[in-house]
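# Residue-level structural notes
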Amino acid sequence: MKMPTPDAAVLQRRAEIIAALRQIVPGEGVIVSETERRVYESDGLTAYRQLPMVVVLPSRVDQVAAVLSYCKEMGVKVVPRGAGTSLSGGALPLADGVLLGMAKFNRILEIDYDNRCVIAQPGVTNLALSQAVEQAGFYYAPDPSSQIACTIGGNVAENSGGVHCLKYGLTTNNILGIEIVTMDGEVIRLGGKHFDAEGYDLLGVMTGSEGLLGVVTEVTVRILPKPTAARAMLIGFAKTEDAGECVAAVIGAGIIPGGMEMMDRPAIHAAEAFVGVGYPLDVEALLIVELDGPPAEIDHLIGKVERIARDHHATAIRISRDDAERLAFWSGRKAAFPAVGRISPDYYCMDGTIPRGRLAQVLSRMRNLSETHGLGVANVFHAGDGNLHPLILYDANKPGEIERAEAFGSDILRLCVEVGGVLTGEHGVGVEKRDLMGTMFDETDLAHQQRLKCAFDPEGLLNPGKVFPQLHRCAELGRLHVHSGRLPFPDLPRF
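Here the structure is a predicted model, which means the values were calculated and not measured.

Thresholds, definitions, all that
- Residues numbered from 1 in each chain as written.
- Predicted model: local features only at pLDDT ≥ 70, side-chain atom pairs only at ≥ 80, totals over all residues.
- Heavy atoms only, no water.
- Helix = DSSP H or I, 4+ residues; strand = E, 2+ residues; numbered from the N terminus.
- Contact = heavy atoms within 4.5 Å.
- 1 Å grid on protein atoms, 1.4 Å probe; cavity = no way out; pocket = protein on both sides within 12 Å on 5 of 7 lines; lining within 4 Å.
- Points joined across faces, edges and corners; volume = space filled by probe spheres on them.
- Nonpolar A, V, L, I, M, F, W, Y, C, P; charged D, E, K, R; others polar.
- Phe/Tyr/Trp six-rings, centres within 6.5 Å; stacked < 30°, edge-to-face > 60°.
- Pairing = 2+ DSSP bridges.
- Axes fitted to C-alpha atoms, helices over the stretch in contact; angles between N-to-C directions.

Our next topic: the environment of Ser 86. Along the chain, Ser 86 falls in the loop between strand E3 (77-81) and strand E4 (97-101). Along the backbone, Ser 86 and Glu 158 are 72 residues apart, and their C-alpha atoms lie at a distance of 8.1 Å. Those residues within four positions of Ser 86 in sequence are excluded, and the remaining contacts are Asp 43, Gly 44, Leu 45, Ala 91 and Glu 158.

What follows is the structure in structure tokens.
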């Protein structure tokens, strides 16, 4: 009997997997053609692209469980995906893996005002949560810039933030419970409507786990009453360092704004050209500070912030007169990422976090790095909690520029760690920062983290190739000191 060639064997295995998935998810739930799979070849980190072997779009929890159980039995890799807005390559597909899209899980299941929570499927967008409860005077606090598109399941996977997370917390501070499906098809509930769960904090473990431990199929989020009032301030500075020192001084004075964002000159000009809200164009840095609460408290805090700003050489201060103007102030910041597309053919959005007190130093060092790498950078970031989002400007059509942009980004992240910060604030590690994990963690640290993954996914089938710079077999992680060799990942396909 003639044995099939390796290529024929691969095609036969793919055909068998597709047939089995179609039995689990009938109709249009399995995507096979190259043209249709091309939609899923990349997430928000578009520098890396890879066609998945097959895409499956379940609509029920039992289908998710059956897909994962089958894939475990057959040794097939699985990459979970929400809206694909991840900026770290967390949802980058695998050529030999199933891409599990959760877009059909898009319903709000329950709104419970008595317990101040909403139960939603993971494909519900972040903004839709607030829209669903706004008529009753509530909202969901974490508000990523991509909130019109990003989903709550993806927010859980990446522990997403937003401009109002300084005062109200990240995703991990605003979810009460989740339902997940493990790689062996087991459905598990963690937490619920109650404020805190008993036992180990597995809810905290899952939040920010980047799809490596399980697939989220339901989320219970905490909703908050809208503040009585809110006003925003635009504060301009002739020096970026003065703006950074002002941020630290405001927080040091015991003032916790609802939001505190910063943009430098390139970002200011791009945002103003894009939305035309009246940002000052003769400044090097602009702070947007929002204060919320009772009107009397807001008036008092605005006075304090204004005095601190003037002490740090602010050259322009503008205070919103009504809610429409407050929202206009924010519209420029929310649109800053697409606005930068007007001044550069491409940009590489970074994500690192530093101590607030080192902000001025890091911004100065970043300018030096810009000159070293010969690439511009526009800075837009959550200044209040030190979460930087430098946008490195480059042209992918010019040979070598994307490599220089990546090298520039790596140097920024190493700088964040050097000054006492961390590699990521809300975008996750994915493939983007995977090979930089050694700058923060030694081999023993990483081995302990991988032991946790092994407890949930011993075969390493869920989202492999993400987060960890080297893989160790789970059996080898039983020893405290790991001496096993590296299992190399294949080269990442770059567009």
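Before going further, it helps to examine empty space enclosed by the protein. Taken as a whole, this structure holds one cavity of 30 Å³ or more when the rule is applied. Quantified by volume, the largest cavity comes out at close to 30 Å³. Around the largest cavity sit Glu 443, Leu 446, Ala 447, Gln 450, Pro 469, Gln 470 and His 472, which together line it. Within the lining of the largest cavity, the residues separate by chemical class into three nonpolar, three polar and one charged.

Within this model, the second largest pocket holds a volume of roughly 790 Å³. If you trace the second largest pocket, you find 27 residues lining it, with Tyr 139, Asp 143, His 164, Arg 326 and Leu 327 closest to the centre. Only helix H4 (126-133), strand E7 (138-139), strand E12 (229-237), strand E14 (285-293) and helix H11 (323-334) provide two or more residues apiece to the lining of the second largest pocket. Top contributing element to the lining of the second largest pocket by residue count: H11, with five residues.

Counting across every chain of the model gives two aromatic pairs. Arranged with centres 5.4 Å apart and planes meeting at 35 degrees, the rings of Tyr 113 and Phe 138 form a pair that is tilted. Placement of Tyr 113 in the loop between strand E5 (108-112) and strand E6 (117-120) and of Phe 138 in strand E7 is noted, with a sequence separation of 25 residues between them. Ring plane angle 85 degrees and centroid distance 6.4 Å describe the contact between Tyr 139 and Tyr 168, whose orientation is recorded as edge-to-face.

If you walk across this open sheet you meet the five strands as E5-E6-E10-E8-E9, and the pairing is antiparallel. Looking at the sheet topology across the chains shown, the edges are occupied by E5 and strand E9 (187-191). Shown here is a sheet whose adjacent strand axes are inclined to one another by a mean of 10 degrees, direction ignored. Inspection of the sheet shows strand E8 (residues 175-181) paired to strand E10 (residues 215-222) by six bridges, in the antiparallel sense. The residue bridging Gly 177 from the neighbouring strand is Thr 220, located in E10. Its contacts with the sheet place helix H3 (residues 61-74) against E8, E9 and E10, and it is angled at close to 50 degrees to E8.

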